[in-house]
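Residues per chain, in single letters:
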Amino acid sequence: MSRAPLTDGHGRRIDDLRVSVTDRCNFRCQYCMPAEGLEWLERAELLSFEEITRLVGLLAQMGVRAVRLTGGEPLVRRNFPDLCAMLARIDGIDDLSLTTNGYLLDRDAAALVAAGVKRFNVSIDSLQRDRFFEMTRRDALPRVLDGLHTLAAQPGVGRIKVNAVALRGFTEQELLPFARFAREHPFEVRFIEFMPLDADEGWTPESVLSGEEIRTRIGEHFPLVEEDREPSATARTYRFADGAPGRLGFIDPVSHPFCSDCNRIRLTADGKLRTCLFSLGETDLTAPLRAGASDDELEVILREAIWRKELKHHVGEPGFQQPARTMSAIGG
Ligand code: SF4
């Protein structure tokens, strides 16, 4: 069954859904959560695989075609590849992707690709073991790199991107190692500007190492050529001017916001719809879902919420308010 496509009150077509399947994580990244972790959602608060699949199915009828699975760390959710297979079978979902910290990839890579996950983003903030440990509070770089290569070896695996959060005072020493990594491996390395979604609320504009600055620093060693930006893409991509394989991507939400053609909405692990990464409000879907609401009733709730989607974020503007929900419970 198909329903009218989703648009927001600014005329933007909404066809990309991010689904956080858990708020739990096996890492403790400094820019995300404290060493002791956070108060986790109770199991009963989590949407079940069947509930997630029903909501994604309904949104697919309204034109959603891309689903990115995130967390916390999605691979810590038990039997996660089963959910991937359930979502991959939904008519209309032609782009199922995953963001992971890679720690459990060597265990799950084959099952994820077999389940129908097309694209992978692996979060790695340093290629140096001690600095990786410093940032994530886990001595896990060798295992993550093993998982990355295990994934790359899977027949039929799609594009693999390595995402690094760019922090002033930390990432500068990572730029050339990552540029060389992108030149030597079939992965696109992307730098993401640090955003004010950390549990410690320690973000300041000064802590952002901007994409522009990174491009300049890397370009002094490896000149870059910008590629055309795909509509609604979050990243600007560059290839190496000397023809070396590999690409670099830059997600600059702070210095170069890309909200004007935003096509994204988010579903949290406890069933809240967020219409923007920086939403200060959410729409609860769990209560109507568990109270027996029909698809038509849920459609009304979804459309009303999405119609009110924020035009843009206000990061760095006077009066900006950081959302109460942290990145680990939104899922990026
Ligand atoms: S900040 Fe909000 S509106 Fe802007 S691109 Fe991200 S989700 Fe879209």
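Residues numbered from 1 in each chain as written. Predicted model: local features only at pLDDT ≥ 70, side-chain atom pairs only at ≥ 80, totals over all residues. Heavy atoms only, no water.

1. Some details on the packing of aromatic side chains
A full pass over the atoms with the stated rule returns nine aromatic pairs. Plain terms: the ring middles of F27 and Y103 are 5.8 Å apart, the flat faces sit at 70° to each other, and that makes the pair edge-to-face. Taken together, the positions of F27 in the loop between β1 (16-20) and α1 (49-61) and Y103 in the loop between β3 (95-100) and α3 (105-115) put the pair 76 residues apart, joining distant regions of the chain. Where F27 meets F132, the ring centres are 5.9 Å apart and the plane angle is 90°; that geometry is what we call edge-to-face. Highlighted residues: F27 in the loop between β1 and α1 and F132 in helix α4 (residues 129-136), separated in sequence by 105 residues. What links up through ring pairs into an aromatic cluster is the set F178, F191, Y238 and F250. Here the guanidinium or amino end of R183 rests over the ring plane of F240, the centre of that ring lying 4.9 Å away. (Phe/Tyr/Trp six-rings, centres within 6.5 Å; stacked < 30°, edge-to-face > 60°. Helix = DSSP H or I, 4+ residues; strand = E, 2+ residues; numbered from the N terminus. Lys NZ or Arg CZ within 6 Å of the ring centre and 35° of its normal.)

2. Details of the sheet that holds strand β8 (residues 236-240)
Ordered in space as β7-β8-β9-β6-β5-β4-β3-β2-β1-β10-β11-β12, the 12 strands form an open sheet in which the pairing is mixed. The sheet terminates laterally at β7 (224-226) and β12 (283-284), the two strands that pair on one side only. Pairing analysis gives five bridges linking β1 to strand β2 (residues 66-70), with the strands arranged parallel. If you follow S20 over to β2, its bridge partner there is T70. Against the sheet, helix α7 (residues 211-219) touches β5 (160-166), β6 (188-193), β7, β8 and β9 (247-251), its axis set at about 155° to β9. (Pairing = 2+ DSSP bridges. Contact = heavy atoms within 4.5 Å. Axes fitted to C-alpha atoms, helices over the stretch in contact; angles between N-to-C directions.)

3. Brief notes about the nonpolar core
In terms of nonpolar packing, the biggest core is built from 102 residues, with L69, I124 and F191 touching the most fellow members. Examining the composition of this core, we find that seven residues originate from one element, α1, more than from any other. Beyond its immediate chain neighbours, meaning those up to four positions away, L69 contacts V19, V21, P74, F80, C84, L87, L96, S97, L98 and T99. (Core = buried A, V, L, I, M, F, W, Y, C linked by side-chain atoms within 4.5 Å. Buried < 20%, exposed > 50% of the residue type's maximum accessible area, 1.4 Å probe, protein only.)

4. Here we look at the side chain of T136
Residue placement: T136 occurs in helix α4. Relative accessible area serves as the criterion here: at 2%, T136 is assigned to the buried category. Look past the residues within four positions of T136 in its chain and what remains in contact with it is F27, R28 and C29.

5. Some points on the pairing of β8
Alignment of β7 against β8, held across three bridges, turns out to be antiparallel. Each bridged residue has a counterpart across the sheet, and for L224 the counterpart in β8 is F240. Counted along the chain from β8 to the antiparallel partner β9, the turn is six residues long, and its residue G243 has a positive phi close to 85°.

6. Here's the deal with the pattern of salt bridges
A complete count under the given rule lists 30 salt bridges for this structure. Notably, a salt bridge pairs R54 with D295, separated by 2.8 Å at the nearest N-O pair. Of this pair, R54 sits in helix α1 while D295 sits in helix α9 (residues 295-307); the two residues are 241 residues apart in sequence, bridging distant segments of the chain. Two residues, E213 and R168, come together in a salt bridge whose shortest N-O distance is 2.7 Å. (Salt bridge = Lys/Arg side-chain N within 4 Å of Asp/Glu carboxyl O.)

7. A look at unusual backbone geometry
With omega at 5°, the peptide bond leading from G71 into G72 counts as cis. Position of G72 among the secondary structure elements: in the loop between β2 and α2 (80-88). The backbone of R137 sits at a positive phi, close to 60°, despite the residue not being glycine. According to the relative accessible area criterion, R137 is partly exposed, its value standing at 26%.

8. Comments concerning the packing of α2 against α3
At a minimum axis distance of 8 Å, the contact between α2 and α3 shows a crossing angle of 15°. Classified by the angle between their axes, α2 and α3 sit roughly parallel to one another. The chirality of how α2 crosses α3 is right-handed. Counted together, F80, P81, C84, A85 and A88 of α2 and A111, L112 and A115 of α3 form the full contact between these two elements. Split into classes, the residues belonging to the contact of α2 with α3 amount to eight nonpolar, no polar and no charged. (Parallel < 35°, antiparallel > 145°, perpendicular 65-115°, else oblique. Left-handed = near helix turned anticlockwise from the far one by under 90°. Nonpolar A, V, L, I, M, F, W, Y, C, P; charged D, E, K, R; others polar.)

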